[in-house]
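Residue strings, one per chain:
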Amino acid sequence: MSDVIKRRENCLMVYVPEELDHHFAQQITKVVDEELEKGEISQLVFDFSKTTFMDSSGIGMLMGRYRIVRYSGGRVTAIHVNDRVYRIMRISGIYKYIEISQETVWHQKKR
């Protein structure tokens, strides 16, 4: 699971797998929490570029990491979110807490 995260200074990038279900949510939680315990993370970014499926355990994983990072004054972002995953995030209300950038929006910001 170490290939799932990359740390650069105070930013932790998490590369979410193709399917974010109960099994992978637990694994990601464990790896990310270990990094967060080391301290000094002010930005947590979840890259959904490969993700095609996410269930409620994925939402729970995101909200749990959001609470931890926000408690220390940081922020959480989800990038490269496809339409299917975005719809789940909208229905769950997670967009109220986590900044979400869809693929097309992300490319427009780079111009």
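In this text the structure is predicted, and so the values were computed from the model without any measurement. (Residues numbered from 1 in each chain as written. Predicted model: local features only at pLDDT ≥ 70, side-chain atom pairs only at ≥ 80, totals over all residues. Heavy atoms only, no water.)

(A) Geometry of the packing of helix 1 (residues 22-37) against helix 2 (residues 56-71). Their axes nearest at 9 Å, the elements helix 1 and helix 2 cross at an angle of 10°. Here helix 1 lies roughly parallel to helix 2, going by the angle between them. For the element pair helix 1 and helix 2, the recorded crossing hand is right-handed. Residues His22, Ala25, Ile28, Thr29, Val32, Asp33 and Leu36 of helix 1 pack against Ser57, Gly58, Met61, Arg65, Ile68 and Val69 of helix 2. When grouped by side-chain class, the residues that make up the contact of helix 1 with helix 2 number seven nonpolar, four polar and two charged. (Axes fitted to C-alpha atoms, helices over the stretch in contact; angles between N-to-C directions. Helix = DSSP H or I, 4+ residues; strand = E, 2+ residues; numbered from the N terminus. Parallel < 35°, antiparallel > 145°, perpendicular 65-115°, else oblique. Left-handed = near helix turned anticlockwise from the far one by under 90°. Contact = heavy atoms within 4.5 Å. Nonpolar A, V, L, I, M, F, W, Y, C, P; charged D, E, K, R; others polar.)

(B) Just the packing of aromatic side chains, in detail. Using the criterion set out here, one finds one aromatic pair in the structure. Ring centres 5.6 Å apart and planes at 55° place the aromatic pair Tyr66 and Tyr97 in the tilted group. With Tyr66 in helix 2 and Tyr97 in the loop between helix 3 (83-92) and strand 7 (99-102), this residue pair connects regions lying 31 residues apart in the sequence. Of the residues examined, Tyr66 reaches a relative accessible area of 15% and is grouped as buried. For Arg90, the ring lying beneath its charged end belongs to Tyr95, and the centroid distance is 3.8 Å. (Phe/Tyr/Trp six-rings, centres within 6.5 Å; stacked < 30°, edge-to-face > 60°. Buried < 20%, exposed > 50% of the residue type's maximum accessible area, 1.4 Å probe, protein only. Lys NZ or Arg CZ within 6 Å of the ring centre and 35° of its normal.)

(C) Local environment of the pairing of strand 2 (residues 11-15). When you tally the buried positions in strand 2, you get four out of five residues, the bulk of the element. Note: strand 1 (residues 5-8) against strand 2, four bridges, orientation antiparallel. Bridge pairing in strand 2 links Arg7 to Leu12. Taken together, strand 1 and the strand that follows it, strand 2, pair antiparallel across an intervening segment of two residues, in which Glu9 is found at a positive phi of about 55°. Inspection of the sheet shows strand 2 paired to strand 4 (residues 43-47) by five bridges, in the parallel sense. What sits directly across from Cys11, in strand 4, is Gln43. (Pairing = 2+ DSSP bridges.)

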